[in-house]
Amino acid sequence: MDVSRPDSNLPKFIYWILKRLYVLNQRDGYLGDIEEEYREKRTAIGKRKAGIWLRQRAFQEIPRTVAYHLIWGIEMFKNYLMIAFRNIKKHISYSIINVFSFTIALSCSMLILLYIQSELRYDDYHENAQNIYRVLREYPGESSLINSSEHPLAATLKNDFPEVIRATRIKKNDEIGIVEYQSEVFNEEAIYFVDQDFLNMFTFPALSGDPNSALIQPFSVVLTQNMAQKYFGTDPPVGKTLRIQEWYSDRKRDYTVMAVVENVPSHSHFTFDFLISYNTLYSLKRGGRESVETWAYFEPKTYIQLDASADSDDLESKFPNFLTKHKRREPDSEWLRLQRLTDIHLGGNMQFELERNSHSQVITLFSVVSLLIVIIAGLNYINLSVARSTKRAMEVGMRKVLGAIKPQLFRQFMSESLIIAMIALVFSLLLVGVLLPGFSSFVNRDLTFNILDNPGFILLFLGLALTIGLFSGIYPSLFISSFRPIQIMKRSLIVGSKKQTSLRGVLLTVQFIISIVMMVCSLTIQRQVTFIRNQDLGFDKEHILTVYTMDRNLSQNPDVLKQQLLSHPEILGVSTSLDLPTTIRRYMSVEYDDQGLDLDFGTSFTFIDYDFLSVYGIGVVDGRNFAKEFTTDDQYSLLINESAAAKFGLTSPVGIRVHMEGRDWTVIGVIEDFHYKSLHWEIEPSVFLLNTNRGLDYFSIKIGSNDISGTIAFIREQWKQFSDGYPFEYTFLDSRIDQRYQAEDKLEQSIRVLTLLAITIACLGLIGLVSFIAEHKKKEIGIRKVLGADVKRMIVLISKDLMKCLILALLIASPIGYFVMENWLKKFAYRTSIGIDLFILSAAVTFIIAFLTIGHQIMKAARTNPVETIKYE
Amino acid sequence: MKELTKLEEVVMIAIVRLKDTAYGVNIKKEVHILTGKEYFYNTLYTTFDQLIRKGFITKHFGEAESKRGGKRKVYFQMTRDGREALEEAFDRQSRVWDGITKQSLKKGWT
């Protein structure tokens, strides 16, 4: 009979408060006494006064009780801690397994979170970041947007739209290159041409000089701190001049250093060493100002800053009119779009990005993987705890008999899992601290983690650990604390109970699935990367030194240097060309109309010399190479590759005449196809022209493998002789090529590591689980042994269940793995196949590991003297 | 033997005095008589719990009554440890107050 109705004795509200004030279940004594006294008072002094008394008392006591519960709570907490520690020590090997897998899971998550955070905060250091946009072009029918614009766009936007308060162009340097100050001479590449608004829009704090006026005059240059250090040491650079030479002429001009700014942070989508005023281009380009400020072609990127109150969509809607007005465009033939500055980095790579961007997909991928690892660790914990529960059943039963109640027990077991999570947190903080530098350089980011700077992160990690502990602990704690003493005493709880085994089976299967999928992915990615690396690119890439020169004298008269070089025994070939096999990027169109064919297609092209094909080992499959005997080769002859030849569809295109760039050329030979782009792309048609006097900038030197450093020293010597005053900088061709696949390389490595981790954790879980089962079945094994059973048969018996899980896992994992990998391999034009053998391999590895684990544990159990195990009864 | 707080001591004395009528409402009234202070049930029950945990008292249920809304009474009684604790407290008190009269508390007493 409960009393909580308003017209009866205790007002409902008070009743509720009183109940809350006193947590322990003391309904009878506590609430009963209150009710009794209340009734006495009611009859004595009347309902109203009694009610007042009650309310007064209840409210007065609230603060005191709250304080009491706090203190009491801390006591209880200390108690739980003590008990939890004791329990953890008792089952130390299980605890170690759990701590270990939690630590790994937490560390992974932490590292990945740090990485994600660095990715997400790209470009956020600019004060105006929220209002800066990049202007992109979109064309009907094209799915991807283009990031380059015409030169006059920025200023015109600023003129026409009051909400565009600042605008700048950013143009990557193509015009100048050798920077000189006193005796320091260096090739510099990270030069941007920008407008004067650049330093006002973007936040690059000035260390000296005035950023507002730094880029107004032509031939002004702004240095970064690193560059100031490099050229001027400790001298103040502002006011001094740097002499910079142009690429294609000998002209050197003086540039005045107007300011020095801080180095560009690593989390920027563009980075530079030098900024030069845009109007300098008017003097550098042959056509002067008109050739720059024209709407005729696209080159720079345009960035604008909007007024804080302006809306970007609003502005975008005004663009069609703008386009019609200035470019006389047909409506809907071209659109301008605005891209937020902060979206650029994760927006994927458009052609000719300033720097390599990332893709939000990568972030998703890593998040998913780390989540999977966390899940595996959590599943481990659940599995182990539930399996161990019968062992602890006695303990639970005793406690219950002694008056412990379910919430208490629940809290106690939860605190165990939370404590394990906390211990893991401490270890993982240490681990992350150790791994962070290595990880930072691996992902090329600045990932320092200063505890004082990032209090938010500590909370995040703490929250992460607590969440893991919480979720892993809920089910086992609920399960264990709900044991009823009678069940335990009657030994009616069996490890092999239907519900338990099937739950264990499900958890195990999920772990297997995750492991198999990750293994398959990792193996496939590895296979693809090896495939790409070993793919014959069609030209020799080993031991080829490449040197770029801007010395026009040298490039126009390379023969003497060539002869000198070839006199060295270890130098096997020297060639000059406009492009290396990896840098071919110019295009033009070829027309052919003869014999009924009317072709007009685009090809890439470059200029080479007589020795190019032999240095690179590219074979001639039809016709001939350029040769000195044919004196008109450099005016009319053309080499084409197999893909180009295929376009003509003739038995042999040698001898045909084609039209290119306003002139007629004769095809004299067909050479083997080779990959000059990365293997993501198909080979395009390509033509090669001979040039003996124009000046070809790349030297390709094939060297032998003996005494490489000696050979290089020799080459450097020669360079000094023939091209003094120009820096000698070389790269090996194969390292250039490797650079291309850096992203894939890193991906492969990360996936491999993560897979290994996932499998390790899953294995540990398996070990723990199996050893527990084996131990529990010690009795059974002992008895069977006495009865003469064969150890091997027992192993088979116990592993039958696990096999079922494994097979089920394989069935589910296969389509998942296939689907994921198929998607990834689609990116490559040249790819391996997804081998069935990989699936089988993964399953086999998983099975073997599982089998060994089980076998080992069972052997251990079987080896114990049956007398020991049965004696316990 | 752990020391008793003042309130614990008073509560235990009240239980001794009340003999077998020592339950919540009565104890509250007795404590009120003894100390002049009125404590509310949550404080008292907190003290009961403390004492139970220290092993000085035990509780048992009595009859359910309608005037308590159908809830049972909870009676408390001393344990041997509890009696010992009171004895000790009594001894300690005697030693401290030995020979002191109200007179001697006045100033100037030699």
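The model shown is predicted, which means the values in this text are computed figures rather than measured ones.

As for the overall build of chain B
Check the secondary structure of chain B and you find four helices and two strands. Reading chain B from its N end, one meets helices and strands in the order α-α-α-β-β-α. Considering chain B as a whole, with its 110 residues, one finds that 41% of them fall into the buried category. When the accessible surface of chain B is summed, it comes to about 6,800 Å², and 52% of that surface belongs to carbon and sulfur atoms.

Considerations on the overall build of chain A
If you tally the helices and strands in chain A, you get 29 helices and 23 strands. Of all 873 residues assigned to chain A, the portion counted as buried reaches 50%. Considering only contacts within chain A whose residues lie at least 6 apart along the sequence, 79% involve residues at least 24 apart. For chain A, the exposed area adds up to about 42,100 Å²; of that, 57% sits on carbon and sulfur atoms.

Focus: helix α7 (residues 225-232) of chain A
Residue and element names in this part refer to chain A. Taken as a whole, α7 has its buried residues at Met227, Ala228, Tyr231 and Phe232. Viewed end-on, α7 has its buried residues packed into an arc of 105°, placing them on one side of the element. Where α7 is buried, its residues contact β3 (176-181), β4 (184-187), β7 (220-224), β8 (241-246), β9 (252-261) and β10 (274-277). Following α7 by one or two positions, Gly233 has its phi on the positive side, about 60°.

Here's the deal with the pattern of salt bridges
Enumeration over the complete set of coordinates arrives at 27 salt bridges over all chains. Between Lys325 of chain A and Asp160 of chain A there is a salt bridge, with its nearest N and O atoms 3.2 Å apart. Of this pair, Lys325 of chain A sits in helix α10 (residues 312-327) while Asp160 of chain A sits in helix α5 (residues 153-160), and the two are 165 residues apart along the sequence. The class for Asp160 of chain A is partly exposed, based on a relative accessible area of 27%. Residue Glu8 of chain B pairs with Lys54 of chain B through a salt bridge whose shortest N-O separation is 3.0 Å. Residue Glu8 of chain B is found in helix α1 (residues 6-18), and its partner Lys54 of chain B is found in helix α3 (residues 41-54); the two are separated by 46 residues along the sequence.

A look at the interface of chain B and chain A
At the interface, 26 residues of chain B touch 27 residues of chain A. Across the chain B to chain A interface the summed buried area is about 2,400 Å²; carbon plus sulfur atoms make up 49%. The largest contributions to the chain B side of the interface with chain A come from Phe40, Asn42 and Lys71 of chain B, which together make up 29% of the buried area. Taken together, chain B and chain A are joined by two salt bridges. Across the pair Glu40 of chain A and Lys29 of chain B runs a salt bridge, and its minimum N-O distance is 3.1 Å. At the junction of chain B and chain A, the tally comes to nine residue pairs in polar contact (both at pLDDT 80 or more). Per-element tally for the side of chain B that touches chain A: the top contributor is α3 of chain B, with eight residues. When grouped by side-chain class, the residues that make up the side of chain B that touches chain A number seven nonpolar, eight polar and eleven charged.

Let's talk about the packing of helix α3 (residues 47-90) of chain A against helix α14 (residues 406-443) of chain A
Residues and elements named next belong to chain A. Packing of α3 against α14 leaves a shortest axis separation of 9 Å and a crossing angle of 65°. Looking at the two axes, α3 sits roughly perpendicular to α14. For the pair α3 and α14, the sense of crossing is right-handed. On α14, the residues that touch Met76, Tyr80, Leu81, Ile83, Ala84, Phe85, Asn87 and Ile88 of α3 are Gln408, Arg411, Gln412, Ser415, Glu416, Ile419, Ile420 and Ile423. Considering only residue class, the contact of α3 with α14 consists of ten nonpolar, four polar and two charged.

Description of the nonpolar core
Residue and element names in this part refer to chain A. By size, the foremost hydrophobic cluster in this structure holds 48 residues, and its most contacted members are Phe512, Phe539, Tyr616, Ile618, Leu639 and Phe674. Once residues within four sequence positions are removed from consideration, Phe674 is found in contact with Leu537, Gly538, Phe539, Pro581, Ile584, Ile618, Ile683 and Phe688. Ranked by size, the runner-up nonpolar core spans 42 residues in total, among them Ala105, Ala424, Phe457 and Ala758.

Looking at the packing of α14 of chain A against helix α15 (residues 455-481) of chain A
All names here are of chain A. Following both chains from N to C, one finds α14 and α15 inclined at 145°, their axes separated by 8 Å at the closest point. As α14 packs across α15, the resulting crossing turns out to be right-handed. Contacts between α14 and α15 involve Lys406, Leu409, Phe410, Phe413, Met414, Ser417, Leu418, Ala421, Met422, Leu425 and Leu429 from the first element and Phe461, Leu462, Ala465, Leu466, Gly469, Leu470, Gly473, Ile474, Ser477, Leu478, Ile480 and Ser481 from the second. Among the residues making up the contact of α14 with α15, the classes are represented as 17 nonpolar, five polar and one charged.

Description of the confidence of the model for chain A
For chain A, the average pLDDT comes to 79, and 83% of its residues sit at 70 or higher. This model gives residues 1-8 of chain A a pLDDT under 50, and the stretch forms 14 contacts once residues within four places in sequence are excluded.

Structural notes on the packing of aromatic side chains
This model, assessed by the stated rule, comprises 35 aromatic pairs over all chains. Ring geometry for Tyr30 of chain A against Tyr45 of chain B: centres 5.6 Å apart, planes inclined by 75°, an arrangement best described as edge-to-face. With Tyr30 of chain A in helix α2 (residues 27-45) and Tyr45 of chain B in helix α3, this pair bridges two chains. Looking at Tyr30 of chain A, the relative accessible area reads 2%, which means it is buried.

Rules used in this analysis
- Residues numbered from 1 in each chain as written.
- Chains lettered and ligands numbered in written order.
- Predicted model: local features only at pLDDT ≥ 70, side-chain atom pairs only at ≥ 80, totals over all residues.
- Heavy atoms only, no water.
- Helix = DSSP H or I, 4+ residues; strand = E, 2+ residues; numbered from the N terminus.
- Buried < 20%, exposed > 50% of the residue type's maximum accessible area, 1.4 Å probe, protein only.
- Areas by Shrake-Rupley, 256 points an atom, 1.4 Å probe, with all protein chains shown as cover.
- Contact = heavy atoms within 4.5 Å.
- Arc of directions from axis to C-beta.
- Salt bridge = Lys/Arg side-chain N within 4 Å of Asp/Glu carboxyl O.
- Buried area = accessible area lost by both parts, 1.4 Å probe.
- Polar contact = N/O pair within 3.5 Å; in protein donor to acceptor, adjacent residues only side chain to side chain.
- Nonpolar A, V, L, I, M, F, W, Y, C, P; charged D, E, K, R; others polar.
- Axes fitted to C-alpha atoms, helices over the stretch in contact; angles between N-to-C directions.
- Parallel < 35°, antiparallel > 145°, perpendicular 65-115°, else oblique.
- Left-handed = near helix turned anticlockwise from the far one by under 90°.
- Core = buried A, V, L, I, M, F, W, Y, C linked by side-chain atoms within 4.5 Å.
- pLDDT = per-residue confidence, 0-100.
- Phe/Tyr/Trp six-rings, centres within 6.5 Å; stacked < 30°, edge-to-face > 60°.

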